[in-house]
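Descriptive structure summary
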Amino acid sequence: MEQTRSVAVPGGPLGGRAGEDDKRRGLRRMKLAALGFLLGATVIFLLTSWAEAAGWPAWVGYVRSAAEAGMIGALADWFAVTALFRHPLGLRIPHTAIIPNKKSVLGSSLGDFVGTNFLSEPVVRDKLGRVGTARRAGEWLARTDNAERVTAETATVVRGAVTVLRDEDVQAVMEQAVVRRVVEREWGPPLGTLLAQVLTDGAHYRLVDLVVDRAYEWVRDNHEAVLRVVSDRAPSWSPRFVDSMLADKVYGEVLAFAWSVKTDVNHPMRLALDRFLADFARDLQHDPETRTRADQVKQQLVEHPEVRRVIDSAWTTAKEMLLNAAEDPSSELRTRLRDGLLTLGKRLQSDPALAGKVDGWVENVAAYLVTHYSTEITTIITDTVDRWDAAETARKVELQVGRDLQFIRINGTVVGALAGLAIHAVAQLLF
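Residues numbered from 1 in each chain as written. Predicted model: local features only at pLDDT ≥ 70, side-chain atom pairs only at ≥ 80, totals over all residues. Heavy atoms only, no water.

Scanning the protein chain from terminus to terminus reveals 18 helices and 0 strands. If you sum the accessible surface of the protein chain, you get close to 28,100 Å²; carbon and sulfur atoms cover 63% of it. (Helix = DSSP H or I, 4+ residues; strand = E, 2+ residues; numbered from the N terminus. Areas by Shrake-Rupley, 256 points an atom, 1.4 Å probe, with all protein chains shown as cover.)

In C-alpha cells, the structure reads:
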C-alpha cells in the first residue's frame, strides 16, 4: 500500500488535505485496474463463447469457464466492496452502505474496543513496565539541549501564568490566605514557645553579647556625652569642679559596669536578663494579660500603613522578580532549574531505586486514570465519530483503505477464474 503523510485539518475526520490528492489518484488507479480485470474477463468470455459456438477445440471451453467464473467473482467482490461505502448502483439494497448507516455503531464499537483492549489497568501497567519510563526520561533529560528546552518551556508557562493573573486577585488571595490567618491566630503562645526554645538552646547569648559589646563601646566612645548629662543634672549652686569630678566618677563607674557585663558571662545583669526573658516567654504562653497585649501589638503592627504597603506590594515585587528571572536565560532561577533537571536525568539513569519509584508513580497514575476515566476517554472517540457526516465519513474511510480493498476485486477475478477452470476440468473428467 502506498504510504502518504496526512496532516489533520479541523472539521475533517481521518486526516486532512495534505496527501489526499495522492491517495485519491492511487484509489482511482486501483479502481481502473480492478475494472480492467473485469472487462478483460468479460471480453475473453464473449470471445470464447463465440469460438465454442463456432466449433473450436475443447480447450476453448476451459478458457470460457475460467472467464465466466472470473466475471462472477469480480462482480461479487465489486458489490461487497461498494456495499461498505454506498448503495451499489444507487439501489437501496438491505445491508449496503454499511459505514454511513452504521457510523454511530462503529464509533461505539471502536470506543469499546479501545477501552477494553488498550485502556485496561493490566495492559497499561504491562506496557509501562516494559517501557522503562524513568530510564528513558533520564536519558532524555541528561542531555543539555533537552534540559534547556524544558527550562525554556517552563519559563514560558511561568510567564504566561504570572501575566494572566490579575494583581488585585492575587492580592485578595494573599489578604484572605495569609494576612487574615495571621491576624486571626493568637501570637502569644507560639512566640512564647519559640522564645523558650531559643533560651533552652542558648541561641540568645550571641544577641546578648552583641548588645553588651555595643553598650560598652558606646560608653567608651561618648565620655563627653556622659559628662554633659551629669553636669546638666547637677544643682545650679554646685561648683563646676565638683560637677566635673562627680561626672568623671560616674563615667568611670558606668564604664567599669559595662566592661564587667561584657567580660563576665555570669554577671548578675546577664543572669537577670535571662530570668526576665524566661519569665516573658512563660507569660506569653500562659498569662492572659501578656497574651492580650501581644495581640494588641500584633494588630497595631498589621494595621500600620507602612506594613500594609509592604503586604500590598509583595505580589508586585514577586511578580517582577519572576518575570525577570523567567525571561533571562542566565538568571539564577533558570540556571538552577536547568542544573536540577540535568542532575535528575543522571540520577534516573544511575539510581535504580529512584527510577523504580518514578516508574511506580507513573504506573499508579496511569492505572488510576484508566480505571476511573476510561469511559470519558473512549467517549471522545464515540462522540467524535457520531458528529461526523455520514457521507463524508464513508468517503474518508474509502480514501484511507479503498486502494487495498480494490485488490479484493482483482483477487476475486483471478481466484474466480481459477476456481471456474478447476470446476470445469473436474466436470469434464467426471462426465
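With that out of the way, let us pick up unusual backbone geometry. Residue L89 is not a glycine yet carries a positive backbone phi of 60 degrees. Considering the arrangement of structural elements, one finds L89 in the loop between α2 (59–85) and α3 (98–101).

Moving on to the environment of T156. By the element assignment, T156 lies in helix α7 (residues 144–164). Sequence separation between T156 and L323 is 167 residues; the distance between their C-alpha atoms is 9.7 Å.

Under the definition given, this model contains 21 salt bridges. Taking the shortest distance from any N to any O, the salt bridge between D21 and R24 comes out at 2.9 Å. Here R24 and D21 lie together in helix α1 (residues 20–53), a separation of 3 residues that amounts to about one turn. The class for R24 is partly exposed, based on a relative accessible area of 26%. Put simply, R334 and E148 hold a salt bridge, and the shortest N to O gap is 3.6 Å. Separated by 186 residues along the polypeptide, R334 in helix α16 (residues 332–350) and E148 in helix α7 bring together distant segments of the chain. Relative accessible area serves as the criterion here: at 8%, R334 is assigned to the buried category. (Salt bridge = Lys/Arg side-chain N within 4 Å of Asp/Glu carboxyl O. Buried < 20%, exposed > 50% of the residue type's maximum accessible area, 1.4 Å probe, protein only.)

Attention shifts here to the confidence of the model for the protein chain. Averaged over every residue, the pLDDT of the protein chain is 81; residues scoring 70 or more account for 88%. Counting contacts from residues 1–15, a segment whose pLDDT is below 50, to residues more than four positions away or on other chains yields 34 contacts. (pLDDT = per-residue confidence, 0-100. Contact = heavy atoms within 4.5 Å.)

This paragraph deals with the environment of L38. Take L38: it is sitting in helix α1. Note: C-alpha distance between L38 and G73 (35 residues apart in sequence) is 8.9 Å. The contact partners of L38, leaving out residues within four places of it in the chain, are M71, A74 and L75.

Direction vectors running N to C along helix α6 (residues 133–141) and α16 enclose 140 degrees, while the axes themselves pass 7 Å from each other. The angle between the axes of α6 and α16 places the two elements in the oblique class. Relative to α16, the crossing made by α6 is left-handed. On α16, the residues that touch A134, R135, A137, G138, E139 and L141 of α6 are L341, L342, L344, G345, L348 and Q349. (Axes fitted to C-alpha atoms, helices over the stretch in contact; angles between N-to-C directions. Parallel < 35°, antiparallel > 145°, perpendicular 65-115°, else oblique. Left-handed = near helix turned anticlockwise from the far one by under 90°.)

What follows is about the environment of R291. Among the structural elements, R291 can be located in helix α14 (residues 288–303). Through-space distance from the C-alpha of R291 to that of W187 is 7.5 Å; in sequence the pair is 104 residues apart. Beyond its immediate sequence surroundings of up to four residues, R291 is in contact with E186, P189, D283, L284, Q285 and H286. A distance of 3.3 Å separates the side chain of R291 from the backbone oxygen of Q285, its partner in a polar contact. (Polar contact = N/O pair within 3.5 Å; in protein donor to acceptor, adjacent residues only side chain to side chain.)

Where nonpolar side chains cluster on the molecular surface, the patch consists of I44, W50, W56, W59, Y62, V63 and L421 and spans about 700 Å² of accessible area. Broken down by element, the residue count for the nonpolar patch peaks at 3 residues, all from α2. Tracing the backbone through its elements, the reader meets W59 in helix α2. (Patch = residues over 30% accessible without salt bridge, like charges linked within 9 Å, V, L, I, M, F, W, Y side chains within 5 Å.)

All right, on to the packing of helix α5 (residues 121–131) against helix α17 (residues 352–387) then. Two elements in contact, α5 and α17, have axes separated by 9 Å at closest approach and are oriented at 155 degrees. Taken as axis vectors, α5 and α17 run roughly antiparallel relative to one another. The way α5 lies across α17 gives a crossing that is right-handed. Side by side, α5 and α17 meet where E121, V124, R125, L128 and G129 of the first sit next to V362, E363, N364, A366, A367, V370 and T371 of the second. The residue inventory of the contact of α5 with α17, partitioned by class, reads 6 nonpolar, 3 polar and 3 charged. (Nonpolar A, V, L, I, M, F, W, Y, C, P; charged D, E, K, R; others polar.)

This paragraph deals with the side chain of D359. Summarising the element assignment, D359 is placed in helix α17. Although buried, D359 forms no salt bridge, and the nearest oppositely charged side chain, R135, lies 7.4 Å from it. Apart from residues lying up to four places away in sequence, D359 is in contact with G132, T133 and A134. (Lys, Arg positive; Asp, Glu negative; His and termini not counted.)

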